[in-house]
Amino acid sequence: MNEIRSISAKQVGRDVPRLESRQKVTGRAEYTHNITLPGMLYAKLCRSTVAHGRILSIDVSAARDLPGVHAVYTGETIRTLIAEPYFGPAFHDQPILAIGKVHFVGEPIAVVLAADPYVAAEAAQMIVAEYEELPAVFDEVEAMTSAAIVHETLKPAGTFADLKHLSGKSNTNVALDYQLRRGDTDAAFAAAEHVFEHEFHTQQVMHTPLEPMVSIAEPGDNCLTIYTASQSPSFVCTEIARLFGWRENQVRVKVPYLGGGFGAKLYIKLEALVAAAAMLARRPVKLSLTMEEQFYTITKHASTFRIKSAVNKDGRITARRCEIFWNGGAFADIGPRVTQKSGFTSPGPYDIDNVSVDSYALYTNRPPAGALRGFGIPQLVWAYESHTDLLARGIGMDAVEFRRRNLLREGRPQATGTLMHDAAIIEVLDKTAELMNWTAPFERGEGVIRRGRAIAIGFKAVVAPTTSGAIVNLSADGSAALYMSTVDMGQGSDTAMAQIVAETLGLVAERVKVVHPDTDVTPYDMATLGSRSTFHMGNAVKLASLHALEQLGAMAREVGLPEGTNYEIRDIFLKKYGMQAGNIIGVGSYVPPYTSPQKGTGLSDNVTPFWMVGAAGVELSVDTETGHVTIDRLINVADVGRPLNPAIVATQLSGAAMMQLGFTLFENMDLDHGQVTNASLADYKIPGMHDLPTVMDNVIVDNNQQNGPYGAKGVGETATFGVSPAIANAIEDAVGVRLTSLPLTPESVLRGIRALRGEKLEG
Amino acid sequence: MSWGESRTITLTVNGTSYTREVEVRFHLADVLRHELGLTGTHLGCEHGVCGACTVLINGRSARSCLMLAVQADGAEITTIEGIADIDGPHAGGLHPLQEAFREFHGLQCGFCTPGMLTTLIELLRDNPAPTEEEVRIAISGNLCRCTGYQGIVDAALATAKNLREATAPA
Ligand code: FES
Ligand code: FES
């Protein structure tokens with residue numbers, strides 16, 4: 001049956017199989033990875049071997065002379081095309097190819113083009129560069145005061161008002177200092193019953209999408225078409241147009257399916273380089289990074305978080321002071337946004353009258369850091385939930401009870417002053433405790449195996465304000481196509497959005513066509529990031545569908561069909577046009593209300609349109625002879641509003657939790673003077689099947705996001721929040737060892753156990 | 001341009017025989033993807049770790065990024081594009097494992113999916129009644145960054161059960 005209209009089945013809240021799943025299980029789904037164009041050249045990069053240095057010379061002659069090489073370009077060649085070839089979403093600090101100096105090991109300094117990728121790779125190895133090395137800085141706290149300065153002057157992009165004051169600043173590595181001040185923390189600390197202070201660290205890790213970053217540019221006559229594995233086609237279009245001094249309509253950006261993104265493929269990455277190379281060579285150019293090169297392209301911020309809390313005798317937190325240092329690496333990318341947008345949630349989901357936050361984005365000579373599944377939130381929850389457990393322990397109160405006493409409730413002001421609405425914080429905590437049987441006795445293990453359990457809860461404000469647009473085309477046969485620039489990178493947005501169209505228009509979701517991002521065709525969308533699409537694009541899609549419905553109603557009235565009668569859509573068209581002809585175009589765009597935080601205090605009465613809440617409950621076993629930790633049970637509990645597609649929501653939760661499990665237990669970019677020494681999947685381990693906890697449950701609580709499309713809100717990041725601190729808290733519960741730096745390796749557990757026993761480990 | 005030696009090889013891929021002159025340095029994945037246009041076989045790590053490039057060579061799973069095309073001369077190869085037709089009764093439709101991946105959401109971005117499917121098809125052929133542990137072991141060499149693996153295990157176990165029930169005497 002090829003039924004288009006829905007008879008009775010609800011379209012929203014139904015486990016619709018992914019629209020593209022047939023293509024994906026038969027190997028026919030389109031990825032940029034698979035695209036080749038006639039006459040296409042392959043690009044390979046030559047990269048810096050020093051962390052910070054002035055470029056003395058780049059000798060490309062041998063590479064240029066290798067048979068089969070079409071061209072070799074350096075930063076100077078790019079300058080013949082673009083006078084100021086620097087790009088970036090927050091700062092224009094990233095050169096297309098290095099100019100004058102290099103800022104990290106792995107920075108691209110030259111590109112080779114050849115019809116055979118192996119020839120291009122061989123030639124790239126023949127390029128010889130000489131540098132005068134400069135002192136480098138790698139640590140985020142040292143970068144605050146270091147004499148090594150990564151960028152001589154700061155060049156904010158101008159897009160963000162709160163960065164403008166940094167324009168032209170020199171002699172600093174601070175790319176943004178964000179403050180929040182609420183109440184009187186000094187007085188509260190002075191009057192406090194108990195004061196606790198801790199410092200936590202996270203390590204640099206990488207997204208490792210299985211499809212490494214890839215972009216292709218095809219030159220035309222004063223125009224370009226870019227095929228790219230990007231999470232933000234609209235931004236690529238705007239930024240390429242700006243670089244070339246063109247109108248946006250001279251750049252066309254097309255995005256097929258992505259083989260994973262997780263924030264790696266955001267804003268602009270390889271697109272500027274392939275665009276410039278294609279314009280210089282007058283041939284299509286494809287750049288496919290290897291897995292190794294991804295480690296030199298974008299990563300997750302390492303961080304240091306100093307947190308101090310005052311607690312009164314009733315177990316209420318009365319003051320909290322947060323100081324966070326974000327290691328942004330050599331280019332700001334979106335780091336300054338992470339610093340601010342996540343910074344204001346750093347006191348945690350707690351109702352605290354006196355709060356002060358200082359959050360710093362720092363340049364260092366490491367590979368750049370950007371957004372990775374959580375936009376900084378997992379680093380924060382790691383620290384504040386480890387700290388919160390220590391507070392409960394410190395005053396001898398049960399960890400769940402202590403949290404319940406302090407959590408924010410409906411209608412209470414968050415640290416910014418924004419009142420909490422539709423955030424099921426207490427419900428998520430209670431559900432987690434219930435699933436863990438928290439009040440029942442717990443089996444603590446015997447002999448060398450010791451067992452522990454713990455929970456952690458975090459929240460996130462979606463990045464605001466951002467805009468999404470959508471178009472719904474209703475054809476004369478009653479079928480619908482959705483045009484939008486949300487990128488389906490695996491999260492299932494095509495399916496979820498089709499469900500919204502179907503629900504609104506009374507169609508069958510499986511029969512709605514979703515047209516993939518193409519900036520010539522699909523309307524603007526800020527980006528597919530930060531769990532924003534379900535809510536923002538979902539609202540735009542619903543508005544576009546309602547707009548189509550309204551026109552359909554008008555058409556029915558016009559042709560004399562009485563209100564409320566159950567005519568097929570095609571009959572209405574037939575009556576109007578006398579044949580199967582015409583169409584209805586519904587348009588919708590959505591930008592939520594927002595109040596900018598006040599400068600200095602960071603206060604705002606409307607800082608976000610919605611909150612995400614996620615908790616993790618962990619039961620684990622520690623082998624006290626080896627330090628090895630086995631996760632016996634991981635419970636992920638989330639508030640996602642009303643799920644549009646419960647089965648897809650469950651995979652988003654399990655996938656996010658597993659990813660965070662890797663960041664918690666073993667993933668770590670090893671750096672030696674800025675050189676990543678484990679830049680390959682063989683040396684940098686990501687979670688495999690054997691790392692899956694023995695039991696993993698993914699559960700949502702019942703909630704309705706009132707301003708969300710059909711009650712829904714974002715879900716992609718929620719299950720990352722609680723995993724790291726819940727595991728660290730459970731390790732302390734099991735063996736009394738408190739770890740304050742990620743990853744929580746067997747070695748660090750074992751060292752902790754031995755230290756407790758007064759036995760020092762060698763080395 | 002060509003670097004040195006080429007050789008003529010014959011591969012039977014998804015039931016069709018192809019004879020091609022290939023450079024000896026070409027990986028099997030290169031030939032499948034670029035010479036034969038079978039882009040369903042994906043390349044993730046290109047050094048044998050992620051399993052995205054897994055294909056069946058004479059019925060055994062192998063990493064096409066690690067094998068030279070000339071080593072496969074004369075072999076029967078099944079790629080993701082050929083899976084739907086492997087078992088006679090399903091010819092034309094999807095393989096039950098493919099259906100189960102859809103139903104149990106054993107995929108998200110789909111980049112690892114070709115390797116997961118080829119690996120699990122080998123498992124189910126050799127062991128029609130695998131335990132959950134055996135499924136986990138079979139795909140422990142295939143990485144998925146998206147799903148958290150649960151849907152993949154569920155899909156494999158459900159397929160095994162369905163296939164057993166379908167072949168069990170009534
Ligand atoms: S691409 Fe072959 S194993 Fe990763
Ligand atoms: S579905 Fe994306 S890597 Fe497995």
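Residues numbered from 1 in each chain as written. Chains lettered and ligands numbered in written order. Predicted model: local features only at pLDDT ≥ 70, side-chain atom pairs only at ≥ 80, totals over all residues.

Caption draft 1: Summary view of the overall build of chain A. Counting secondary structure elements, chain A contains 18 helices and 29 strands. Here the C-alpha radius of gyration of chain A, 27 Å, is about what a compact globule of 763 residues would show, namely 27 Å. With the principal axes as the frame, chain A shows a C-alpha extent of 85 × 75 × 50 Å. Taking all 763 residues of chain A together, the buried fraction comes to 60%. Expressed as a percentage of contacts within chain A between residues at least 6 apart in sequence, the contacts between residues at least 24 apart total 80%. (Helix = DSSP H or I, 4+ residues; strand = E, 2+ residues; numbered from the N terminus. Rg over C-alpha atoms; globule rule 2.2 N^0.38 Å. Buried ≥ 20, exposed ≤ 12 C-beta atoms within 10 Å, placed from the backbone. Contact = placed C-beta atoms within 7 Å.)

Caption draft 2: Structural view of the overall build of chain B. In terms of regular secondary structure, chain B is built from five helices and five strands. Along chain B, from the amino end to the carboxyl end, the secondary structure elements read β-β-α-β-β-β-α-α-α-α. Compactness check: chain B gives a C-alpha radius of gyration of 16 Å against a globular reference of 15 Å for 170 residues, within 12% of the reference. Its C-alpha atoms give chain B principal-axis dimensions of about 55 × 35 × 20 Å. For chain B, with 170 residues in total, the buried portion stands at 51%. Counting contacts in chain B only where the partners sit at least 6 residues apart, residues at least 24 apart contribute 55% of the total.

Caption draft 3: Layout of the packing of helix α2 (residues 96-103) of chain B against helix α5 (residues 150-167) of chain B. Residue and element names in this part refer to chain B. Taken N-terminus to C-terminus, the directions of α2 and α5 make an angle of 135 degrees; their axes are 9 Å apart at the nearest point. Here α2 is positioned oblique relative to α5, judged by the angle of their axes. Here α2 runs over α5; the crossing is right-handed. Counting all contacts with α2, which are made through P96, L97, A100 and F101, the residues of α5 involved are A155, A158, T159, N162 and L163. (Axes fitted to C-alpha atoms, helices over the stretch in contact; angles between N-to-C directions. Parallel < 35°, antiparallel > 145°, perpendicular 65-115°, else oblique. Left-handed = near helix turned anticlockwise from the far one by under 90°.)

Caption draft 4: Region of the structure containing the interface of chain A and chain B. Facing 46 residues of chain A, the contacting portion of chain B comprises 41 residues. When contributions to the side of chain A that touches chain B are tallied by element, the ones reaching two or more residues are α1 (21-25) and α16 (646-665) of chain A. Ranked by residues supplied to the side of chain A that touches chain B, first place goes to α16(A) with eight residues. Residue classes in the side of chain A that touches chain B are distributed as 22 nonpolar, 19 polar and five charged. (Nonpolar A, V, L, I, M, F, W, Y, C, P; charged D, E, K, R; others polar.)

Caption draft 5: Up close: helix α15 (residues 569-577) of chain A. All names here are of chain A. Those residues of α15 not exposed but buried are I569, I572 and F573. Around the axis of α15, the buried residues are gathered within 95 degrees of arc, so they sit on the same side. Along its buried surface, α15 packs onto β21 (468-475) and α14 (533-558). (Arc of directions from axis to C-beta.)

Caption draft 6: The nonpolar core, seen in detail. Residue and element names in this part refer to chain A. A43, V112, V274, I455, L482, V501 and I731 are the most contacted members of the largest nonpolar core, which has 300 residues in total. A total of eleven residues in this core trace back to one element, the largest contributor, which is α16. In this view, A43 contacts V111, V112, L113, A120, V274, A277, V285, K286 and L287; residues no more than four positions away in its chain are not counted. (Core = buried A, V, L, I, M, F, W, Y, C linked by C-beta atoms within 7 Å.)

Caption draft 7: The domain arrangement of chain A, seen in detail. Residues and elements named next belong to chain A. For chain A, the domain assignment lists domain 1 (21-30 + 466-590), domain 2 (33-136 + 213-288) and domain 3 (299-463 + 598-756). A straight line from the C-alpha centre of domain 1 to that of domain 3 covers 37 Å. Considering only residue class, the side of domain 1 that touches domain 3 consists of four nonpolar, ten polar and three charged. (Domains from an automatic or database assignment.)

Caption draft 8: Structural detail: unusual backbone geometry. Residues and elements named next belong to chain A. The linkage connecting A464 with the following residue, P465, adopts the cis geometry, with an omega of -10 degrees. As for its position among the elements, P465 is in the loop between β20 (449-461) and β21. Positive phi, normally seen in glycine, also occurs at D333, with a value near 45 degrees. Here D333 shows up in the loop between β17 (317-327) and α9 (335-342). Taking the number of C-beta atoms within 10 Å as the measure of exposure, D333 has 31 and is therefore buried. The residue H673 is not glycine, and still its phi comes out positive at about 50 degrees. When you line up the elements, H673 lands in the loop between β27 (671-672) and β28 (675-676). By the C-beta count within 10 Å, which is 12 here, H673 ends up exposed.

Caption draft 9: A look at the sheet that holds β20(A). All names here are of chain A. With mixed pairing, four strands are arranged side by side in an open sheet as β20-β25-β26-β29. Two strands bound the open sheet, and with one partner strand each, they are β20 and β29 (695-700). Across the sheet, the mean angle separating the axes of adjacent strands is 10 degrees when strand polarity is ignored. Relative to strand β25 (residues 611-623), β20 runs antiparallel, the two being bridged by 13 bridges. Within β25, the position partnered with A456 by the bridge is A616. Each of β26 (629-639) and β29 is contacted by α16, which is oriented at about 130 degrees to β29, the strand it contacts most. (Pairing = 2+ DSSP bridges.)

Caption draft 10: A look at the pairing of strand β1 (residues 6-13) of chain B. All names here are of chain B. In this structure, β1 lies alongside strand β2 (residues 16-23), joined through eight bridges in antiparallel fashion. Each bridged residue has a counterpart across the sheet, and for T10 the counterpart in β2 is T19. Pairing geometry for β1 and strand β5 (residues 76-78), over two bridges, is parallel. Pairing of V13 across the sheet is with I77, part of β5.

Caption draft 11: Helix α13 (residues 493-505) of chain A, seen in detail. All names here are of chain A. For α13, spanning 13 residues, the distance from its first C-alpha to its last is 18 Å, which sits close to the expected 18 Å at 1.5 Å a residue. Of all 13 residues making up α13, 13 are buried, and the element is well covered by its neighbours. Backbone geometry just after α13 places G506 at a positive phi near 70 degrees. (Expected span 1.5 Å × (residues − 1).)

Caption draft 12: Focus on the sheet that holds strand β23 (residues 513-515) of chain A. Residue and element names in this part refer to chain A. With mixed pairing, the four strands of this open sheet are ordered in space as β23-β22-β21-β24. Unpaired on one side and paired on the other, β23 and β24 (583-590) mark the two borders of the sheet. Within the sheet, the average angular offset between the axes of one strand and its neighbour, ignoring direction, is 20 degrees. Direction of pairing for strand β22 (residues 480-484) relative to β23: parallel, over a ladder of three bridges. Paired with A481 across the bridge in β23 is K513. In this fold α14 packs onto β21, β22 and β24, with an angle of close to 145 degrees to the strand it touches most, β24.

Caption draft 13: A look at the pairing of strand β4 (residues 60-63) of chain B. All names here are of chain B. Bridge count for strand β3 (residues 54-57) against β4 is four bridges, and the pairing is antiparallel. Note on β4: the bridge partner recorded for L56 is S61. Where β3 folds back on β4, the antiparallel hairpin that results is connected by two residues, among which N58 adopts a positive phi of roughly 50 degrees.

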